[in-house]
Amino acid sequence: MKRIMSLISEFKAFAVRGNVVDMAVGIIIGAAFGKIVSSFVDGVVMPPLGLLIGGVDFSDLAIVLKEAAGDAPAVLLRYGAFIQTVVDFLIIAFAIFMAIKAINHLKRKEAEAPSAPPAPSKEELLLSEIRDLLKEQRRG
């Protein structure tokens, strides 16, 4: 029983560590972002690209290793599906690259923006008050 409690407390310490939670959040957001990018590629990028390359779909390309015989289906080496997956990956990778490039550009602009001058220190405030009092004494 003591071993089980030790194991449970060790697992709890592992599971609630900051980096594990951050990683889980990153994976969940990454999966959601992957769906967004896939939708963008399938619905926005691929239709015009399909028009440009004449509607070529590589996924149907295959080499017949063994013809169909009776009830047994043909044995195919479907290299076209691999090529289509690589093309899809390259398009998705480029879309993500462009998005990250835009985000980095915005971050650089934000970092380059002039910041407000720092607030004067206590000593500077005190010296300013002394200066103002001395000016008043000279006038009065």
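Given the structure is predicted, the values throughout are model-derived calculations rather than measurements.

How each quantity is defined
- Residues numbered from 1 in each chain as written.
- Predicted model: local features only at pLDDT ≥ 70, side-chain atom pairs only at ≥ 80, totals over all residues.
- Heavy atoms only, no water.
- Helix = DSSP H or I, 4+ residues; strand = E, 2+ residues; numbered from the N terminus.
- Expected span 1.5 Å × (residues − 1).
- Buried < 20%, exposed > 50% of the residue type's maximum accessible area, 1.4 Å probe, protein only.
- Salt bridge = Lys/Arg side-chain N within 4 Å of Asp/Glu carboxyl O.
- Patch = residues over 30% accessible without salt bridge, like charges linked within 9 Å, V, L, I, M, F, W, Y side chains within 5 Å.
- Areas by Shrake-Rupley, 256 points an atom, 1.4 Å probe, with all protein chains shown as cover.
- pLDDT = per-residue confidence, 0-100.

Engineer: How would you summarise helix α3 (residues 79-112) if you had to cite specific residues and measurements?
Structural biologist: Here α3 spans 49 Å end to end across 34 residues, near enough to the 50 Å set by a 1.5 Å rise per residue. Looking at α3, one finds that the buried residues are Gly80, Gln84, Ile91 and Ala95.

Engineer: I'd like a description of the pattern of salt bridges, backed by residues and values.
Structural biologist: Overall, the coordinates contain one salt bridge when judged by the stated rule. Across the pair arginine 131 and aspartate 132 runs a salt bridge whose closest N-O atoms are separated by 3.3 Å. Residue classification places arginine 131 among the partly exposed positions, given a relative accessible area of 44%.

Engineer: Residue-level account of a nonpolar patch on the surface, with values.
Structural biologist: On the surface, a cluster of nonpolar side chains totalling about 1000 Å² of accessible area is made up of Leu61, Ile63, Leu65, Val75, Leu77, Tyr79, Phe82, Ile83, Val86, Phe89 and Leu90. Considering each element in turn, the nonpolar patch owes the most residues, six residues, to α3. By secondary structure assignment, the location of phenylalanine 89 is in helix α3.

Engineer: Please give an account of helix α4 (residues 122-139) that cites residues and values.
Structural biologist: Here α4 contains 18 residues, and its C-alpha end-to-end distance of 26 Å stays within 8% of the 26 Å for a straight helix at 1.5 Å per residue. Among the 18 residues of α4, zero are classified as buried, and the element is accordingly described as predominantly exposed.

Engineer: Hey, could you go over the confidence of the model for the protein for me, with residue numbers and the actual values?
Structural biologist: Of all residues in the protein, 98% have pLDDT values of 70 or greater, and the mean over the chain is 83. Per-element averaging of pLDDT across the protein places helix α2 (residues 18-52) at the bottom with 80 and strand β2 (residues 75-77) at the top with 91.

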